Amino acid sequence: MNLAMAHEAVTFAAAVIPGAEPTEIPGLSDPVSKLFGYGLWLLILAGAGGAGFGVYKLAVADKSRNGGGSEPFKWMGGGVATILLAGSLITILNGIAG
């Protein structure tokens with residue numbers, strides 16, 4: 001990834017995530033710090049999307065005995081786990097940076 005693509009990714013992330021301004025991490029250069037911070041916020045959005053997709057799959061799932069009943073819970077569990085992991089990393093990094 002060259003510098004122009006990194007700058008474009010950070011600019012796109014700033015437009016997609018309103019109000020999410022990552023805290024600068026000491027010891028990292030500015031582009032790397034911003035990419036890492038926005039990447040964690042995008043990971044939270046992906047986790048929310050996964051959990052939402054799991055809820056959708058649960059709502060439209062075949063409720064009979066031979067339906068695939070565990071797949072929606074895999075989506076929801078993966079989404080919640082992603083949100084918790086990214087949220088804890090954001091909290092840790094803000095504690096280090098603050």
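These figures come from a predicted structure and were not determined experimentally. (Residues numbered from 1 in each chain as written. Predicted model: local features only at pLDDT ≥ 70, side-chain atom pairs only at ≥ 80, totals over all residues. Heavy atoms only, no water.)

**Here's the deal with the overall build of the protein**
Then step 1. For the protein, the helix and strand inventory stands at three helices and zero strands.
Then step 2. Ordered by position in the sequence, the α and β elements of the protein form the string α-α-α.
Then step 3. Every one of the 98 residues in the protein was classed for burial, and the buried ones make up 22%.
Then step 4. The long-range share in the protein, meaning contacts at least 24 apart out of those at least 6 apart in sequence, stands at 65%.
Then step 5. When the accessible area of the protein is evaluated, it comes to approximately 6,500 Å², of which 69% is carbon and sulfur surface. (Helix = DSSP H or I, 4+ residues; strand = E, 2+ residues; numbered from the N terminus. Buried < 20%, exposed > 50% of the residue type's maximum accessible area, 1.4 Å probe, protein only. Contact = heavy atoms within 4.5 Å. Areas by Shrake-Rupley, 256 points an atom, 1.4 Å probe, with all protein chains shown as cover.)

**Details of the packing of aromatic side chains**
Aromatic ring pairs are reported here in terms of the distance separating the ring centres and the angle at which the planes meet.
Then step 1. Scanning the model with the defined rule gives two aromatic pairs in all.
Then step 2. Look at phenylalanine 53 and tryptophan 75: their rings are 4.7 Å apart centre to centre, the planes differ by 75 degrees, and that puts the pair in the edge-to-face class. Of this pair, phenylalanine 53 sits in helix 2 (residues 30-60) while tryptophan 75 sits in helix 3 (residues 71-97); the two residues are 22 residues apart in sequence, bridging distant segments of the chain.
Then step 3. Phenylalanine 53 gets classed as partly exposed once you look at its relative accessible area, which sits at 35%. (Phe/Tyr/Trp six-rings, centres within 6.5 Å; stacked < 30°, edge-to-face > 60°.)

**A few points about the pattern of salt bridges**
Between side chains of opposite charge, a pair can form as their charged atoms come close.
Then step 1. Across all of its chains, the model carries one salt bridge by this definition.
Then step 2. Residue lysine 57 is joined to glutamate 71 by a salt bridge in which the shortest nitrogen-to-oxygen separation is 3.7 Å. Here glutamate 71 lies in helix 3 and lysine 57 lies in helix 2, a separation of 14 residues in the sequence.
Then step 3. Take lysine 57: its relative accessible area is 22%, and that puts it in the partly exposed class. (Salt bridge = Lys/Arg side-chain N within 4 Å of Asp/Glu carboxyl O.)

**Details of the nonpolar core**
Then step 1. Counting five residues, the largest nonpolar core is built from Leu40, Ile44, Ala86, Ile90 and Leu93.
Then step 2. Put simply, the parts of the chain that give this core at least two residues each are helix 2 and helix 3.
Then step 3. Tallying contributions element by element places helix 3 first for this core, with three residues.
Then step 4. In this structure leucine 40 touches Ala86, Leu89, Ile90 and Leu93, once residues within four positions along its chain are discounted. (Core = buried A, V, L, I, M, F, W, Y, C linked by side-chain atoms within 4.5 Å.)

**Considering helix 2**
Then step 1. Given a rise of 1.5 Å per residue, 31 residues ought to cover 45 Å, and the 45 Å separating the end C-alpha atoms of helix 2 matches this to within 8%.
Then step 2. Taken residue by residue, helix 2 has Ser33, Gly37, Tyr38, Leu40, Ile44, Gly47, Gly50, Ala51 and Gly54 as its buried positions. (Expected span 1.5 Å × (residues − 1).)

**Considering the environment of alanine 59**
Then step 1. Turning to its location among the elements, alanine 59 is positioned in helix 2.
Then step 2. Along the primary structure alanine 59 and proline 72 are separated by 13 residues, whereas in three dimensions their C-alpha atoms are 8.9 Å apart.

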